[in-house]
Amino acid sequence: MTPLPIPLQEIPVTDSPYVLLFGGVYLLIVLGIGVWGYLRTESTEDFLITGKSIGTWVLALTAFSVIQSGFGFVGGPELVYSFGTTALWIFFTAPLGFIITWVLLAKRMRLLADIRDVLTLADGMYVRYESAWVRGLTAVAVIVGVMAYLATNLAALQYVMRAIFGLSVMWGLLIGAFILLLYSMLGGMIAGVWTDFVQAITMIFGSVFVFAYALSFGGGMSSISHNLATADPAFISPFGAMGAPTATIFTALGWWILFSVGAAGQPHLVTKFYMSRNLKILRWGAPIAAATYAISSLLAFSTGLSMRAMVEAGSTAAPKSASIVGPVFVLNHTPGAVAGLILAALLAAIMSTSDSFLNIGAAAVSRDIPRALGRPIDDDKTELRVTQAALAGLTVASTLIVFYSQTLVGILGTIGWGFFAAAFFAIAALGLNWKGATKEGAIAAILGGLAVNLFYSAVPHIADTAGLSGVSEFIGSLYPFTESFPVGTVALLVAIALFVGVSLITQDRRTVPEDIAVLLEG
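Please read all numbers here as calculations on a predicted model, not as lab measurements.

1. A few points about the overall build of the chain
Right, on to step 1. Looking only at helices and strands, the chain features 22 helices and 0 strands.
Right, on to step 2. Expected size for 522 residues packed as a compact globule is a radius of gyration near 24 Å; at 22 Å, the chain falls within 12% of this value.
Right, on to step 3. Each principal axis of the C-alpha distribution contributes one length, and for the chain these read about 65 × 50 × 50 Å.
Right, on to step 4. The burial tally for the chain puts 60% of its 522 residues in the buried class.
Right, on to step 5. Pairs at least 24 residues apart make up 85% of the contacts formed inside the chain by residues separated by at least 6 positions.
Right, on to step 6. By element, 67% of the accessible surface of the chain is carried by carbon and sulfur atoms, the whole surface being about 18,500 Å².
Right, on to step 7. Within the chain, the 27 negative side-chain charges are centred at a point lying 7 Å from the centre of the 24 positive side-chain charges.

As structure tokens, then:
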């Protein structure tokens, strides 16, 4: 979901043989899936969208898996531990995002793959708006977002590798990145989809086990609630303890909008619809994805609340950092086999989601940018090799960023879920459901959403890093909402307003191809 918190140095190195066993077996499974995917990959279409071959359960669990990612095991427990029930406005409303995404995009994206030669989100947006500018801006936004996610995920990966295998941080980064690169280059999206599927199954079972242990550790929900209420009643209030009551209500509302509506703007999710075997399998995908996401969220909910309750009661020591609540709980308070299952799932979450991002980022470099510039690679085999080379380049670049600059990782970490939501929700989810959408509206939406995210998120971080705290404070004074209201939500709403407003103004220049018009009506 959002980039994982960095750094995670405080995660302890395990001494359980089960953790080492599960971690080692998982890496072997990953490489095996990569080799299997390589044997099934004959074209760029196979590499990027699996040749339209996946069924209902694989599609649904893959969709849930790439959205939950490592966030459910690291970022989620951190939020619940720090702010109590505020975070539940993410976990208990995000399943709605799958329903919204399926309703708005599933059928239309899949039909688009039948009537036109589309393999990427930028392909689809070019077909819809017939604009090289829309295609190029979509590709650029994908590359920026992919670099952000890759850098933050690789930074987390190095510490998870350290926790499981006892490696130094440097070797954890290099070995983890090499394995990720190897299986991604071998199997492409086929490898990514099936790794996501394995990860999803692991997350579901692991979350149920951890939920049971967390409730037991905290003495049951009544005891947990009592300890939290004694420390601060806001921890168990409807909107949590992120700030003043009014501000917290707006924060919860902002998260609700961002993580439900914003799901339909995530390219690593919406491009999965290109891959479905046929239209029939889409019917049950949304409820399956929503239900499995909700089950997996039990881990964050239970570990965060239970750990905070026991810390407040004086029954356990506070973790060195809230960002390691989830990993510390499973390592210290669950049996070795369960800890091994969860740490392997965390490793899977980071690597499989990174693989999805690598594939869409590499396609943006090898396919979308050249086509936007009028210089497409016409030979399919050549395009496939260039895509694989771009994938290697993105991996190496992200690894070097993590290795040499934690500051840059932190800056990139400000660009996450909200970045993609603002850039793509309007042009994809609304654009494929409204004939009145124009290319001018799409361009305005992408640029406006990116500008808000960069100005209010990345620029203040850069200013603080450069010692220009006055600049950061000035930008903060321009923010029209309470500090805890998500910037991503503001960017999303601005993008929607620009998309609709500019499209209405430029109706006289609206053109919709005949086959696309039929698709929009369906």
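2. Some words on the pattern of salt bridges
Right, on to step 1. Applying the stated criterion to the full structure yields 9 salt bridges.
Right, on to step 2. Ionic pairing is found between D117 and R367, a salt bridge with its closest N-O pair at 3.4 Å. Remark: R367 occurs in helix α15 (residues 336–372) and D117 occurs in the loop between α6 (94–115) and α7 (121–129); sequence separation between them is 250 residues.
Right, on to step 3. Residue R367 is joined to D123 by a salt bridge in which the shortest nitrogen-to-oxygen separation is 2.5 Å. Remark: D123 occurs in helix α7 and R367 occurs in helix α15; sequence separation between them is 244 residues.
Right, on to step 4. What emerges from the salt-bridge pattern is a single network uniting D117, D123, R135, R367, R371 and E383.

3. Some words on helix α8 (residues 132–165)
Right, on to step 1. Counted at 1.5 Å a residue, the expected span for α8 with its 34 residues is 50 Å, and the 47 Å between its end C-alpha atoms agrees.
Right, on to step 2. Most of α8 sits out of view: 27 of its 34 residues are buried.
Right, on to step 3. Sitting at the amino-terminal end of α8 is S131, which places a side-chain oxygen 3.2 Å from the backbone nitrogen of W133.

4. Some thoughts on the packing of aromatic side chains
Right, on to step 1. Scanning the entire structure with this criterion turns up 14 aromatic pairs.
Right, on to step 2. Ring pairs connect the aromatic residues Y149, F357, F419, F420 and F424, which therefore count as one cluster.
Right, on to step 3. Taking the ring centre of Y126 as reference, the NZ or CZ of R135 above it sits at 4.3 Å.
Right, on to step 4. Sitting above the plane of the Y81 ring, R308 keeps its charged end 5.1 Å from the centroid.

5. Points about the nonpolar core
Right, on to step 1. Judged by nonpolar contacts, the single largest core of 147 residues is most densely connected at F64, F98, W102, L105, L347, M351 and I427.
Right, on to step 2. The residues contacting W102, other than those within four sequence positions of it, are L59, A63, K107, F273, L282, G285, A286 and A289.
Right, on to step 3. Within the second largest apolar cluster, 7 residues are counted, among which are A422, F485, V487 and A491.

6. Quick notes on the environment of V160
Right, on to step 1. Relative to the helices and strands, V160 is located in helix α8.
Right, on to step 2. Sequence spacing of V160 and G76 is 84 residues, and the spatial spacing of their C-alpha atoms is 16 Å.
Right, on to step 3. The contact partners of V160, leaving out residues within four places of it in the chain, are L343, L346, L347 and I350.

7. Details of a nonpolar patch on the surface
Right, on to step 1. On the surface, M170, W171, L174, I175, V396, L400, F403 and Y404 cluster together into a nonpolar patch covering about 780 Å² of accessible area.
Right, on to step 2. Within the residue set of the nonpolar patch, elements represented by two or more residues are α9 (169–218) and α16 (380–404).
Right, on to step 3. When its relative accessible area of 65% is taken as the criterion, Y404 is described as exposed.

8. Description of the packing of α6 against helix α13 (residues 285–312)
Right, on to step 1. Where α6 contacts α13, the two axes come as close as 8 Å, and the packing angle between them is 165°. When the interaxial angle is binned, α6 and α13 end up roughly antiparallel. In this structure, α6 meets α13 at a crossing whose hand is right-handed. Of the residues in α13, those touching α6 at A94, P95, F98, I99 and W102 are G285, A286, P287, A289, A290, Y293 and A294.
Right, on to step 2. For the contact of α6 with α13, a count of residues per class yields 11 nonpolar, 1 polar and no charged.

9. Remarks on the packing of α15 against α16
When two helices pack together, their arrangement is given by the angle between the helix axes and by the axis-to-axis distance.
Right, on to step 1. With their axes 8 Å apart at the nearest point, α15 and α16 run at an angle of 125° to one another. One way to sum up the angle between α15 and α16 is to call them oblique. Our pair here, α15 against α16, has a crossing hand that is right-handed. Facing α15, whose interface residues are L358, N359, G361, A362, A363, V365, S366, R367 and R371, α16 presents E383, V386, T387, A390, L391, L394 and T395.
Right, on to step 2. Looking at the contact of α15 with α16, its residues break down into 8 nonpolar, 5 polar and 3 charged.

10. Looking at the side chain of R108
Right, on to step 1. Relative to the helices and strands, R108 resides in helix α6.
Right, on to step 2. R108 sits in the buried class, given a relative accessible area of 12%.
Right, on to step 3. At a separation of 3.3 Å, a polar atom in the side chain of R108 contacts the side chain of N433.

11. Brief notes about unusual backbone geometry
Right, on to step 1. Positive phi is not limited to glycine here, since E130 has a value of about 50°.
Right, on to step 2. Topologically, E130 is positioned in the loop between α7 and α8.
Right, on to step 3. Residue E130 is classed as partly exposed on the basis of its relative accessible area of 43%.

12. Details of the environment of S216
Right, on to step 1. Turning to its location among the elements, S216 is positioned in helix α9.
Right, on to step 2. Given a relative accessible area of 57%, S216 falls into the exposed group.
Right, on to step 3. Placed 50 residues apart in sequence, S216 and Q266 show a C-alpha to C-alpha distance of 36 Å.

13. Considering the confidence of the model for the chain
A low pLDDT means the predicted coordinates there should not be read in detail.
Right, on to step 1. Summary statistics for the chain give a mean pLDDT of 83 and a share of 91% for residues scoring 70 or more.
Right, on to step 2. Of all helices and strands in the chain, the one with the weakest mean pLDDT is helix α17 (residues 406–413) (60), whereas helix α21 (residues 487–505) scores best (95).
Right, on to step 3. Under a pLDDT of 50 for its full length, residues 2–7 has, in the predicted model, 27 contacts with residues more than four places off or in other chains.

14. Overview of the side chain of S276
Right, on to step 1. Within the fold, S276 resides in the loop between α12 (267–270) and α13.
Right, on to step 2. The buried category is assigned to S276, whose relative accessible area is 0%.
Right, on to step 3. Separated by 3.2 Å, the side chain of S276 and the backbone oxygen of F273 make a polar contact.

The rules behind each value
- Residues numbered from 1 in each chain as written.
- Predicted model: local features only at pLDDT ≥ 70, side-chain atom pairs only at ≥ 80, totals over all residues.
- Heavy atoms only, no water.
- Helix = DSSP H or I, 4+ residues; strand = E, 2+ residues; numbered from the N terminus.
- Rg over C-alpha atoms; globule rule 2.2 N^0.38 Å.
- Buried < 20%, exposed > 50% of the residue type's maximum accessible area, 1.4 Å probe, protein only.
- Contact = heavy atoms within 4.5 Å.
- Areas by Shrake-Rupley, 256 points an atom, 1.4 Å probe, with all protein chains shown as cover.
- Lys, Arg positive; Asp, Glu negative; His and termini not counted.
- Charge placed at Lys NZ, Arg CZ, Asp CG, Glu CD.
- Salt bridge = Lys/Arg side-chain N within 4 Å of Asp/Glu carboxyl O.
- Expected span 1.5 Å × (residues − 1).
- Polar contact = N/O pair within 3.5 Å; in protein donor to acceptor, adjacent residues only side chain to side chain.
- Phe/Tyr/Trp six-rings, centres within 6.5 Å; stacked < 30°, edge-to-face > 60°.
- Lys NZ or Arg CZ within 6 Å of the ring centre and 35° of its normal.
- Core = buried A, V, L, I, M, F, W, Y, C linked by side-chain atoms within 4.5 Å.
- Patch = residues over 30% accessible without salt bridge, like charges linked within 9 Å, V, L, I, M, F, W, Y side chains within 5 Å.
- Axes fitted to C-alpha atoms, helices over the stretch in contact; angles between N-to-C directions.
- Parallel < 35°, antiparallel > 145°, perpendicular 65-115°, else oblique.
- Left-handed = near helix turned anticlockwise from the far one by under 90°.
- Nonpolar A, V, L, I, M, F, W, Y, C, P; charged D, E, K, R; others polar.
- pLDDT = per-residue confidence, 0-100.

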